[in-house]
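Next come the chains, spelled out residue by residue.
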Amino acid sequence: MTTLALERRTTALVLIDLMPRIIALDTAPLSGPEVLKRCVALAKATRSVGGLVVNVRVERPGVDVQPEGSGFAPELDPQPGDVEIVKHTVGAFHQTGLDDVLRARGIRTVVLAGIATNFGVESTGRIADEHGYDTVYVTDAMTGLHAHAHEFAVSYIFPRFGTTCTGTQYVAALSPE
């Protein structure tokens, strides 16, 4: 990891699938509640410097009633200016309007966290890279369905598609000089 430099006005924190039914899954290396707590702190830090927070959740396509716990976790406490995206696939870009929203706001850097590392987070990161965004993965604010899958994504996949950092490094890079 090299020194992380972020322009807070052109950076979006994209939080993946922080929904009660996903947070409750058996995950590793962190529990869902641990990831939620860390993501809430990242969102607060992002908003405090005028950055954009994007909350993404999944809905099952072709289902009249979504499973219980399919809304955003109440701890996320959406604020005016936040963006909410509903996806119907693993990644957050396909037919959601996310790319249009980000481009309209001048976003150049997408910072990813959430659940699950090797599904929604990785898929969204790969497509962010394909769309030309600088992509940052906050590796201690995400978790996988299995520890080995999380570790593989963090150590092998993410460095090929962007920059990895900790939550502390992300917050420090957002802070004014």
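Please read these numbers as outputs of a predicted model, since none were measured by experiment.

Focus: the pattern of salt bridges
Thought 1: What the rule picks out here adds up to 5 salt bridges.
Thought 2: Salt-bridge contacts for Asp-17 lead to Lys-87; the nearest nitrogen and oxygen are separated by 3.1 Å. A residue pair is termed long-range when its members are at least 10 positions apart, and Asp-17 in the loop between strand 1 (11-16) and helix 1 (20-23) and Lys-87 in strand 3 (residues 83-87) qualify at 70 residues.
Thought 3: Here Asp-17 falls in the buried class, since its relative accessible area comes to 7%.

What about the pairing of strand 2 (residues 52-58)?
Thought 1: Of all 7 residues in strand 2, 7 are buried; the element is thus mostly enclosed.
Thought 2: On strand 2, burial covers both faces: Leu-52, Val-54, Val-56 and Val-58 on one face and Val-53, Asn-55 and Arg-57 on the other are all buried.
Thought 3: Two strands pair when backbone bridges link them, and strand 1 and strand 2 are joined in this way by 5 bridges, in the parallel orientation. From the neighbouring strand, Ala-12 faces strand 2, where its bridge partner is Leu-52.

Parameters and conventions
- Residues numbered from 1 in each chain as written.
- Predicted model: local features only at pLDDT ≥ 70, side-chain atom pairs only at ≥ 80, totals over all residues.
- Heavy atoms only, no water.
- Salt bridge = Lys/Arg side-chain N within 4 Å of Asp/Glu carboxyl O.
- Helix = DSSP H or I, 4+ residues; strand = E, 2+ residues; numbered from the N terminus.
- Buried < 20%, exposed > 50% of the residue type's maximum accessible area, 1.4 Å probe, protein only.
- Pairing = 2+ DSSP bridges.

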